[in-house]
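Inside the fold
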Amino acid sequence: MIQLTRLVKQFGRFTAVDRLTLTVPAGTLYGFLGPNGAGKTTTMRMIAGILRPTAGSIEIGGIETWRQPQAIKAMIGYIPDRPFVYDKLTGAEFLRFVAALYGQEGAAVERRMDELLELFELGPWRDEVTGSYSHGMRQKLVIASAFVHRPRLIVVDEPMVGLDPVGARVLKDLFRAFVRRGGTVLMSTHTLEVAELMCDRIAIIARGRIVAEGTMPELRAETASGNESLEDIFLRLTGARPPHALDAVLDA
Amino acid sequence: MRAPGVWTVLAPKCRGVVAGWLRDGEIGSAALFAALALGFWGIVFGAAWRVLHYLSGLEMGPLLAQKILDAMLVGFASILVLSNLIAALSTFFLARDLDLLVAAPLNWFRLYVSKLVETAVHASWMIVLVALPVFAAYGVAFHGGPLFVPVALAGLMPFLILPAVVGSALMLVLVNVFPARRTRDLLGVVAIAAAGGLVLMVRVVRPELLFQPGGMGQITSSLQALHVPAGPFMPTRWLSDMLMNWLGRVADPLPVVLLYTTAAAFIIMGGWLHGRLFRSGYSLAREGAERFGANSVGSRAAAILLRGVPTARREFLLKDLRLFFRDPTQWGQLILVVLLVAVYVINVRSLPIFSHGRAPLFLVTLIVFLNLGLSGFVLAAIAARFVFPAISLEGRQMWLLRSAPVDPRSLFRSKFWMTAVPLTLLGAVITLVTDLMLRASAFMMFVSIGTIILFTLAATALALTFGTYYPRFGSENAAQIPSSFGGVAFMMSAVSLLGLIITIEAVPVAGYLRARQFGDTFGLSPSVGAALAGVLVLCVATTIGSLRLGVRRMEELEP
């Protein structure tokens, strides 16, 4: 579904993504992990068409993104890491606006909006401006908006931040159900237990490059880590602060 | 532990502004900005010097010059109170850093002073920009010496603090008095009160007296008759006394002492009020929940009106309209713009140039021409306020527009037409109404209305393009976006364009006046045709060139 080939993104002299190559098969829930500043969000924003790559190529469904950007974008539902929405629009107005951006309107869209708002327990707040929503409610609204136009691919950056336990459960079920129906999800998360439990395949990125990729058994084999959890594998690959360093900071 | 001071609070903002200017103002842009600033100051200085130089040759000159200074300072003071009031709502009650500052162990008086300085800077920078060349013109015309401008600036500082204290104290009281009401209701009250005050002030000053027929001699007698509310207890009078004392070599420290001690006393009183009311006001300002019915009459009417428009474009338009009318910092200023235009039209109507139903052709033509320049300036200011921030206001939501299958070019064009159509209509209607009131000839009407339409389109395109090149995506308040590097650069470009247009059009207007004066027939001579074609080409080229640059930038924009 997604093919990244030697993808590079530079901001001035800083290289955020460095010759990254990755294949995300269709119909999978793909975990994209890495420490802060590793290049996850930049990669996802390039896939969503928000940033233009400095070099390399991105193919979605076999089509190069910068050749047919509108057709590619129509296939994707993007959920950013921070849920910025228009503060002065109501939840319903925001979803209607997003649907319109994807060329959809009418009774079918209204029905879908109601279904999504109910799914995320936002029904009672549908006519409230989003400025009065909590962070979690905005997050739910943005997730709902990514599904309003029935995408084939969901690109989601840190979806669990701010969600209550019910919302988190709904989201996990939604992603699994979406994948069972043939959809593809590329998800970045710092909640490694969630990634280990949910994802079919996982890629770990550090300093803009993929350092490991595969299913959980493949990752364990690749890193010769026996029965270790994803957290241990992740820390070993990306480098963790030794405990005595933490003591030094706290005791200073 | 050392207690955090005023500078600790202000430093991040100052560094942010400097970093923003350095980032935006690369060498080419900085050179352009410097050239535009010099051009703008040159125009204001030239106009002020011309008048003051004439007055300096008269016996009553210094007195009349002080009257003009009084009138200007009264105008500045009223604008400053209003803009400080609006700025105080953002800086004292809505700013994003407030939660951090209120939660920190920060002395309340230091918090007050730092927020007061921030409010004063936001509200006053444009006044300082205009005042500087005028003060310089006073210094040159009345031989004030090289120290006059620094002295004037030193006098201006306490003068700027006073309306900042008054504006923020008023806002503090309003926020406490109207706790349950929404902020927009609050600004509605403010806008109406300000409008009343403005109309009252204009009627007291009666600036139309300056335009009585009869040449310069008549103008000086009109100046003498000008009523300026500048009594001995007005800070405007203290500042004008201080400046005129310097120019007249009079050693009287009283105005300086009055200015500085009053400013210090105001800060202490404002601080005391802040200490008593800020905590309750701050808490109350956060309690008013906003509710806007999705099925409100306005929303439904707009949806019905736009029914035939393609889906994405219609929802985009509806979204922009909803955001505009639900944001008090946006429509609050729109009310003021409408009122200012109304006051302007009323004053044109009151011009005493018609005696026994007739008026000198020269005066009418001159006023129609001046009216064109003034309308153009007002329209450029409106474009700076409402069109320039259009891209910045998409701000943090730009991820949505960039990830959706929407062509950025059509997005840009949609923004252009959405703002250009109402602005052009406004410009054409103001010019038509004032021309009719002035009984302008058909030729002057054709020139003024044609010019204002062409200029408004060009100014809108320029504003949108500058806004795309210098966006302020993280801005807390739409009203602060025009004061960024790009906003100031746009304003100067638009004023320069207007100046160029008026200079070119002076050729056909002068030819027309000559022909009418000597009873000749006025036709489309090569020079008239070339001048009018020149304005047409200049405006069309600016519009198309700006739009092309803006579209290109929009495609490259990486939020």
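Here is what the cut-offs are and how they apply
- Residues numbered from 1 in each chain as written.
- Chains lettered and ligands numbered in written order.
- Predicted model: local features only at pLDDT ≥ 70, side-chain atom pairs only at ≥ 80, totals over all residues.
- Heavy atoms only, no water.
- Helix = DSSP H or I, 4+ residues; strand = E, 2+ residues; numbered from the N terminus.
- Buried < 20%, exposed > 50% of the residue type's maximum accessible area, 1.4 Å probe, protein only.
- Contact = heavy atoms within 4.5 Å.
- Areas by Shrake-Rupley, 256 points an atom, 1.4 Å probe, with all protein chains shown as cover.
- Rg over C-alpha atoms; globule rule 2.2 N^0.38 Å.
- Lys, Arg positive; Asp, Glu negative; His and termini not counted.
- Charge placed at Lys NZ, Arg CZ, Asp CG, Glu CD.
- Pairing = 2+ DSSP bridges.
- Buried area = accessible area lost by both parts, 1.4 Å probe.
- Salt bridge = Lys/Arg side-chain N within 4 Å of Asp/Glu carboxyl O.
- Polar contact = N/O pair within 3.5 Å; in protein donor to acceptor, adjacent residues only side chain to side chain.
- pLDDT = per-residue confidence, 0-100.
- Phe/Tyr/Trp six-rings, centres within 6.5 Å; stacked < 30°, edge-to-face > 60°.
- Lys NZ or Arg CZ within 6 Å of the ring centre and 35° of its normal.
- Core = buried A, V, L, I, M, F, W, Y, C linked by side-chain atoms within 4.5 Å.
- Axes fitted to C-alpha atoms, helices over the stretch in contact; angles between N-to-C directions.
- Parallel < 35°, antiparallel > 145°, perpendicular 65-115°, else oblique.
- Left-handed = near helix turned anticlockwise from the far one by under 90°.
- Nonpolar A, V, L, I, M, F, W, Y, C, P; charged D, E, K, R; others polar.

1. Some words on the overall build of chain B
When helices and strands are tallied, chain B shows 19 helices and zero strands. For chain B, with 559 residues in total, the buried portion stands at 49%. Excluding contacts between residues fewer than 6 apart, the proportion of contacts in chain B whose partners are at least 24 apart in sequence is 83%. With the model as given, the accessible surface of chain B reaches about 25,400 Å², and the carbon-plus-sulfur share is 71%.

2. Things to note about the overall build of chain A
From N to C terminus, chain A includes ten helices and ten strands. Computed over the C-alpha atoms, the radius of gyration of chain A is 19 Å, within 12% of the 18 Å expected from 2.2 N^0.38 for a compact globule of 252 residues. If one aligns the C-alpha atoms of chain A with their principal axes, the spans along those axes are about 55 × 45 × 40 Å. Long-range pairs, those at least 24 residues apart, make up 65% of the contacts in chain A with a sequence separation of at least 6. Entry remark: accessible area of chain A is about 10,900 Å², with carbon and sulfur atoms responsible for 52%. Charge centroids of chain A, computed over 30 positive and 29 negative side chains, lie 7 Å from each other.

3. Brief notes about the pairing of strand S7 (residues 153–157) of chain A
All names here are of chain A. Where burial is concerned, most of S7 is hidden: five out of the five residues are buried. Inspection of the sheet shows S7 paired to strand S8 (residues 184–188) by five bridges, in the parallel sense. Looking at the pairing, Leu153 lines up with Thr184 of S8.

4. Overview of the interface of chain A and chain B
Listed by partner, the interface residues are 34 residues for chain A and 32 residues for chain B. For the pair chain A and chain B, the summed buried area comes to about 3,200 Å², and 59% of that belongs to carbon and sulfur atoms. Three residues stand out in chain A for area buried against chain B, namely Tyr86, Lys88 and Leu101 of chain A, and they jointly supply 23% of the buried area on that side. There are two salt bridges connecting chain A and chain B. Between Arg322 of chain B and Glu93 of chain A there is a salt bridge, with its nearest N and O atoms 3.4 Å apart. Put simply, chain A and chain B have seven residue pairs in polar contact (both at pLDDT 80 or more) between them. Listing elements by their share of the side of chain A that touches chain B, those giving two or more residues are strand S1 (2–11), helix H2 (69–75) and helix H3 (91–101) of chain A.

5. Here we look at the sheet that holds strand S5 (residues 63–64) of chain A
Within a sheet, neighbouring strands are paired by backbone hydrogen bonds and run either parallel or antiparallel to one another. Residues and elements named next belong to chain A. Within the open sheet, the four strands sit side by side as S2-S1-S4-S5. Their pairing is antiparallel. Two strands bound the open sheet, and with one partner strand each, they are strand S2 (14–24) and S5. Sheet topology places S1 next to strand S4 (residues 55–60); five bridges connect them, and they run antiparallel. Its bridge partner lying in S4, Thr5 is registered against Ser57.

6. Quick notes on the confidence of the model for chain B
The predicted model of chain B averages 79 in pLDDT, with 79% of residues at 70 or higher. Interface scoring of the predicted complex returns ipTM 0.79; its pTM is 0.72.

7. Section: the packing of aromatic side chains
This model, assessed by the stated rule, comprises 17 aromatic pairs over all chains. Plain terms: the ring middles of Tyr78 of chain A and Trp399 of chain B are 6.1 Å apart, the flat faces sit at 65° to each other, and that makes the pair edge-to-face. Separated into two different chains, Tyr78 of chain A in strand S6 (residues 76–79) and Trp399 of chain B in helix H15 (residues 398–403) make up a pair that spans both. The class of Tyr78 of chain A is buried, set by a relative accessible area of 3%. When the centroid spacing of 6.5 Å and the interplanar angle of 45° are considered together, the rings of Phe92 of chain B and Phe93 of chain B count as tilted. Across the ring face of Phe316 of chain B, the terminal group of Lys319 of chain B is positioned such that the distance to the ring centre comes to 4.4 Å. Over the ring of Phe386 of chain B we find Arg385 of chain B; its NZ or CZ atom is 5.0 Å from the centre of that ring.

8. Brief notes about the pattern of salt bridges
On inspection of all chains with the given rule, the structure shows 24 salt bridges over all chains. A salt bridge links Glu105 of chain A to Arg314 of chain B; the nearest nitrogen and oxygen atoms lie 2.6 Å apart. Of this pair, Glu105 of chain A sits in the loop between H3 and helix H4 (107–119) while Arg314 of chain B sits in helix H12 (residues 311–325), which puts the two residues in different chains. The residue Arg201 of chain A makes a salt bridge to Glu218 of chain A at a minimum N-O spacing of 3.4 Å.

9. Examining the nonpolar core
Counting residues in hydrophobic clusters, the biggest one holds 190 residues, and the most contacted among them are Ile60 and Phe175 of chain A together with Tyr138 and Phe490 of chain B. The contact partners of Ile60 of chain A, leaving out residues within four places of it in the chain, are Met1, Ile2, Ile47, Thr65, Ile72, Met75, Ile76 and Leu153 of chain A. Grouped together as the second largest cluster of nonpolar side chains are 28 residues, Phe92, Phe93, Leu101 and Leu111 of chain B included.

10. Regarding the packing of H3 of chain A against H4 of chain A
Residue and element names in this part refer to chain A. Packing of H3 against H4 leaves a shortest axis separation of 10 Å and a crossing angle of 130°. By the angle between their axes, H3 is oblique relative to H4. Classified by chirality, the crossing of H4 by H3 is right-handed. Of the residues in H4, those in contact with Ala92, Leu95, Arg96 and Ala99 of H3 are Val109, Glu110, Met113 and Leu117. Class assignment for the residues of the contact of H3 with H4 results in six nonpolar, no polar and two charged.

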